[in-house]
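Here are the chains, one letter per residue:
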2 protein chains.
Amino acid sequence: MKKNIITISREFGSGGRTVGRKLAERLNIPFYDGEIIEKVHEETGFSQDFIKEQGEHSPTKSIFSYAFVGRDVNGISINDYVWNAQRKIILDLAEKGPCVIVGRCADFILRDRDDCFNVFIHADEKFKAERIVKEYGETDKSPEKRLREKDKKRKINYKYYTDQDWGVCDNYDISLNTGTLGIDKCVDIIEELVK
Amino acid sequence: MKKNIITISREFGSGGRTVGRKLAERLNIPFYDGEIIEKVHEETGFSQDFIKEQGEHSPTKSIFSYAFVGRDVNGISINDYVWNAQRKIILDLAEKGPCVIVGRCADFILRDRDDCFNVFIHADEKFKAERIVKEYGETDKSPEKRLREKDKKRKINYKYYTDQDWGVCDNYDISLNTGTLGIDKCVDIIEELVK
C-alpha cells in the first residue's frame, strides 16, 4: 500500500509546518493547514482565530469554565464541538486523495487508514527559540517560555483527544530533528520515503 | 562537526541491533555490543550473562534487595557498579573514533560530545512479536508479554540513570519504524545522513 497521505506533527518552532509545505510542493499534492481552519469556520461559524487556538490547544481551561457556565453547542463543550467538526473535515480531506496535513491530531484521526505516513518534527530548544523570534518576532515573554507554553497545550490537547502521548516515537513512522538535520534534509528524507 | 559516533537505542524485537550491525559493516567502523559486555566482565569480574541482564534492565529489584542485605561493592549497589564500569567503557570507546554503539544509554552517556548521531529504532507490536519468535524461538510466555516485559525494564533503567523518558523523539536525531520502513531502508537512511 502506497503511503501518500502524510501527517506532520511538530513542536512549535521546529519548522514542521515549513517541512510540510515544501514537501507538498515537491510532491505536487495539496497542503492542508489554513484550509482546515477555514472549513471548520464554515461548519461551526466560530472565528478563524478562535478555531486556530482551540483546534490544537488544551481543552482544560474550557472544561473548567463549562463546569460553571454550562455547556454550549448541542450539549457538548465548544472544544469538543470544534474537535468533532475538525475530525470530520480531516477524514473527508483524506478521502479526496494524496495530501499533507499539519497538526490537529491527524495521525490519530486517520489511524484506521493504511495509506498514512506519520511524521514528527522536533528540534532542540535553542534552534526553536531562535527560529520563532526570526519568524514571528519578539514578544514580552521569553522565546523559551513561549515554546514551553505552546507545546504544553498541544501535548495536553493530544492526550485528551487521543489518549496517547505526544512526541513519543511509537506514534510515528519517522521522527526528525530539524535542528541537527536541517529543514531541507528532512524534506528530502520524507520525499524519498513516500515517492 | 561530522557525526560519526552512532548510538542506536531500540525496542526489543524491532531489529535495531541488526540495523546497527549492518550500518557498521557498510561504514566499515567498529560495532560495539558484545564487546562492551566483555569489557565490563573484565573490569568487574561479573559473569557476562549477569552483565547483559543488569546493564540495560531495571535496577528496582536490586535496590529493594539492597535495602535489606546491605550494599556490596565499595559501598554502592551492584547495579550502580555495573553502570559506572559500563559508562566508563562507553566513554573510552567513543574516544577511539567512529563507531556504532547499541543500547546501554549510550546516547545519554555521550551527550557532551557533539559528534554523536542518536537513533531510536521501533516497530509495531505485530512486527516485533513475529520477529522475536523467528529470531529467538518460542518460550512459555507469549511473544507480546516478552516484548512488554523487556521494554518495561529498559524504560525503567533508562529513566533511573538518565532522568529522561525512553523512546521520546526529543532524545534522538531520528527515530525510525522498521515495521513500516523495513530494516534495510532504515540502514540506508542513517548511512546517507552520517556519511
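Residues numbered from 1 in each chain as written. Chains lettered and ligands numbered in written order. Predicted model: local features only at pLDDT ≥ 70, side-chain atom pairs only at ≥ 80, totals over all residues. Heavy atoms only, no water.

A.B. asks: Report on the interface of chain B and chain A, specifying residues and quantitative values.
C.D. replies: Counting residues at the interface gives 22 residues for chain B and 21 residues for chain A. Carbon and sulfur atoms supply 54% of the area buried between chain B and chain A, which totals about 1,600 Å² over both sides. The largest contributions to the chain B side of the interface with chain A come from Cys169, Asp170 and Asp173 of chain B, which together make up 29% of the buried area. Connecting chain B to chain A are 2 salt bridges. Between lysine 185 of chain A and glutamate 192 of chain B there is a salt bridge, with its nearest N and O atoms 3.3 Å apart. Applying the counting criterion to the chain B and chain A interface returns 13 residue pairs in polar contact (both at pLDDT 80 or more). Residues belonging to the side of chain B that touches chain A are distributed by class as follows: 11 nonpolar, 5 polar and 6 charged. Sheet topology note: the strand 5 (residues 174-177) of chain A/strand 5 (residues 174-177) of chain B ladder contains 3 bridges and is antiparallel. Bridged to leucine 176 of chain A within strand 5 of chain B is isoleucine 174 of chain B. (Contact = heavy atoms within 4.5 Å. Buried area = accessible area lost by both parts, 1.4 Å probe. Salt bridge = Lys/Arg side-chain N within 4 Å of Asp/Glu carboxyl O. Polar contact = N/O pair within 3.5 Å; in protein donor to acceptor, adjacent residues only side chain to side chain. Nonpolar A, V, L, I, M, F, W, Y, C, P; charged D, E, K, R; others polar. Pairing = 2+ DSSP bridges. Helix = DSSP H or I, 4+ residues; strand = E, 2+ residues; numbered from the N terminus.)

A.B. asks: So what's going on with the side chain of lysine 128 of chain A? Which residues, and what values?
C.D. replies: All names here are of chain A. Inspection of the secondary structure assignment puts lysine 128 in helix 7 (residues 125-136). For lysine 128, a relative accessible area of 7% puts it in the buried group. Those residues in contact with lysine 128, other than ones at most four positions away along the chain, are Glu11, Phe12, Gly13, Ser14, Ala123, Leu147 and Asp151. (Buried < 20%, exposed > 50% of the residue type's maximum accessible area, 1.4 Å probe, protein only.)

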